[in-house]
Amino acid sequence: MVACLKALPKVSNSIFDIWFGTSEAIALEIVTWNQRIYFMAAIPKPLATYFTSQITAQYPSASINQVGDYMPYLLPMQQNLKPKINTFSTSKITLEKSFYFPLKTYQDFSDVDPLSTVLGNLAKSNPKDKIVLQYLITNPGANWKHKGQRVANSTIPTSDPEKTMPHPQKALIEAKIAEVGFKVGINILVISSSRLQAEAIASNITGSYASITHGEGNSLTQTNPYFWQKSKFLKSILNRQPTYTPSNQILTAQELATIYHLPNQLLKDIKNIAWGG
């Protein structure tokens, strides 16, 4: 998956796109519906053919099916949402520390897929639960590597006023900024029997990312929209718009491929994965 992600075109949005609600992103999604787990991608139309060719090149035996947008059936926006307000939860997963500190990646695991804990939680869903784990990918901008390098080059004062020491995470930071990066918004939408149940499911999903916590680097944490943002945040998820993506949330291709990739043999024991579509 890394090679496919590295080859992705960078999707950029201007401030006017954000203001007028026309921003777009490459959306990679893991969806649980009727106790089945699907790996989905919503791609801007000009990039769709290229993206499909990249997936086919990296996964020759993958079953790729073009389908319509399922979001209107998940939570129809034209319906009155008031009766449903107590049945769903929306939240974001964000980096706990500054973007230049790395997460663990699949390269740090030998015989286990770090995505297995996430999928294991999704596999426990009830028949009426609907869960969307959404990754919105856009251009990280030109300066993220320079910002990281400035931090890596900074020094730490010592007890001797004439001496300093290198930044203790210099090697970690430089390893991350040497890679291809993306601005990535990670959103969770859960529809369940009650809001409390939906919130519990979202919390469990976030907790399943603990395996990629880097002791000297970064981790992922859950944040909730402010109450006055909830309606617009929900709409941004349904429309796959990166309006609420943190400005400095940068993941490398390796980090993104760790938390989103097509299922492999290491995941064969996870029940409910829709292997054949």
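Undergrad: How do you make sense of the overall build of the chain when you look at a structure like this?
TA: A tally of regular secondary structure across the chain gives 10 helices and nine strands. Its C-alpha atoms give the chain a radius of gyration of 19 Å, near enough to 19 Å, the size a compact globule of 277 residues would have. Principal-axis analysis of the C-alpha atoms places the extent of the chain at approximately 65 × 45 × 35 Å. Relative to its 277 residues, the chain shows a buried fraction of 46%.

Undergrad: I would appreciate a short explanation of the nonpolar core in the present structure.
TA: Nonpolar side chains in soluble globular proteins generally cluster together in the buried interior. In this structure, Leu 119, Leu 133, Tyr 135 and Tyr 209 are the most contacted members of the largest nonpolar core, which totals 59 residues. Looking at which element gives the most residues to this core, the answer is strand β7 (residues 181-191), with five residues. Beyond its immediate chain neighbours, meaning those up to four positions away, Tyr 135 contacts Ile 26, Ala 27, Leu 28, Val 184, Gly 185, Ile 186, Tyr 209, Leu 256, Ile 259 and Tyr 260. Membership of the second largest hydrophobic core comes to 15 residues, among which are Val 132, Leu 189, Ile 237 and Tyr 244.

Undergrad: Can you help me understand the pairing of strand β1 (residues 26-33) in this one?
TA: Working note: regular strand, side chains alternate between the two faces of the sheet. Buried residues dominate β1, accounting for eight of its eight residues. Of the two faces of β1, the one carrying Ile 26, Leu 28, Ile 30 and Thr 32 and the one carrying Ala 27, Glu 29, Val 31 and Trp 33 are both buried. As defined by bridge partners, β1 adjoins strand β4 (residues 130-138) across eight bridges and the pair is classed as antiparallel. Residue pairing for β4: Thr 32 is matched across the bridge by Ile 131.

Undergrad: What is the right way to look at the pairing of β4 in this model?
TA: Burial of β4 is extensive: eight of the nine residues sit out of reach of the surface. Both β4 and β7 contribute to a ladder of nine bridges, which runs antiparallel. Bridge assignment links Val 132 to a residue of β7, and that residue is Leu 189.

Undergrad: Where do I start with helix α7 (residues 170-177) in this structure?
TA: At 3.6 residues per turn, the α-helix brings residues three or four places apart onto the same side. Residues of α7 that are buried include every one of Ile 173, Lys 176 and Ile 177, and no others. Summarising the axial view, the buried residues of α7 lie within an arc of 90°, below the 170-degree limit, and thus occupy one face. Tucked inside the fold, the buried residues of α7 contact α6 (144-153), β9 (250-252) and α10 (253-259).

Undergrad: Would you mind showing me how to read the side chain of Gln 54 here?
TA: Relative to the assigned elements, Gln 54 resides in helix α3 (residues 48-58). We classify Gln 54 as buried; its relative accessible area is 17%. The residues touching Gln 54, leaving out its near neighbours within four places in the chain, are Ala 3, Cys 4 and Ala 7.

Undergrad: Even after reading the chapter, I still don't get the packing of aromatic side chains, so can you show me in this structure?
TA: Between two aromatic rings, the relevant description is the distance of the centres plus the angle of the planes. Applying the stated criterion across every chain yields a total of nine aromatic pairs. When the ring of Tyr 100 is compared with that of Phe 101, the centres are 4.9 Å apart and the planes differ by 55°; the resulting orientation is tilted. Accessibility expressed as a relative area gives 15% for Tyr 100, which makes it buried. Judged by centre distance (5.2 Å) and plane angle (85°), the rings of Phe 227 and Trp 228 are edge-to-face. Residue classification places Phe 227 among the exposed positions, given a relative accessible area of 67%. Three or more aromatic residues link up through ring pairs in this structure, and these residues are Phe 99, Tyr 100, Phe 101 and Trp 144. We note Arg 240 situated over the ring of Tyr 70; from NZ or CZ to the ring centre the distance is 5.4 Å.

Undergrad: Teacher, can you tell me more about the layout of surface pockets here?
TA: Over the atoms rolls a probe the size of a water molecule, and its path tells where empty space is left. In this model, the largest pocket occupies a volume close to 1300 Å³. Along the walls of the largest pocket sit 40 residues, with Phe 39, Met 40, Ala 41, Ile 64 and Asn 65 positioned nearest its centre. Elements represented by at least two residues in the lining of the largest pocket include exactly β1, β2 (36-42) and α3. Among the elements that take part in the lining of the largest pocket, β2 stands out by supplying six residues, more than any other. Class assignment for the residues of the lining of the largest pocket results in 28 nonpolar, nine polar and three charged.

Undergrad: I tried to follow the environment of Pro 263 on my own but got confused; where do I start?
TA: Here Pro 263 lies in the segment after α10. For the pair formed by Pro 263 and Leu 115, sequence separation is 148 residues and the distance between their alpha carbons is 9.0 Å. Among all residues touching Pro 263, those that are not within four sequence positions of it are Phe 39, Ile 273 and Trp 275.

Undergrad: What is the right way to look at helix α8 (residues 195-207) in this model?
TA: Along its 13 residues, α8 runs 18 Å from first to last C-alpha, staying within 8% of the 18 Å computed at 1.5 Å per residue. At its buried positions, α8 is contacted by β3 (88-95), α5 (116-122), β4, β7 and β8 (220-223).

Definitions and limits used
- Residues numbered from 1 in each chain as written.
- Predicted model: local features only at pLDDT ≥ 70, side-chain atom pairs only at ≥ 80, totals over all residues.
- Heavy atoms only, no water.
- Helix = DSSP H or I, 4+ residues; strand = E, 2+ residues; numbered from the N terminus.
- Rg over C-alpha atoms; globule rule 2.2 N^0.38 Å.
- Buried < 20%, exposed > 50% of the residue type's maximum accessible area, 1.4 Å probe, protein only.
- Core = buried A, V, L, I, M, F, W, Y, C linked by side-chain atoms within 4.5 Å.
- Contact = heavy atoms within 4.5 Å.
- Pairing = 2+ DSSP bridges.
- Arc of directions from axis to C-beta.
- Phe/Tyr/Trp six-rings, centres within 6.5 Å; stacked < 30°, edge-to-face > 60°.
- Lys NZ or Arg CZ within 6 Å of the ring centre and 35° of its normal.
- 1 Å grid on protein atoms, 1.4 Å probe; cavity = no way out; pocket = protein on both sides within 12 Å on 5 of 7 lines; lining within 4 Å.
- Points joined across faces, edges and corners; volume = space filled by probe spheres on them.
- Nonpolar A, V, L, I, M, F, W, Y, C, P; charged D, E, K, R; others polar.
- Expected span 1.5 Å × (residues − 1).

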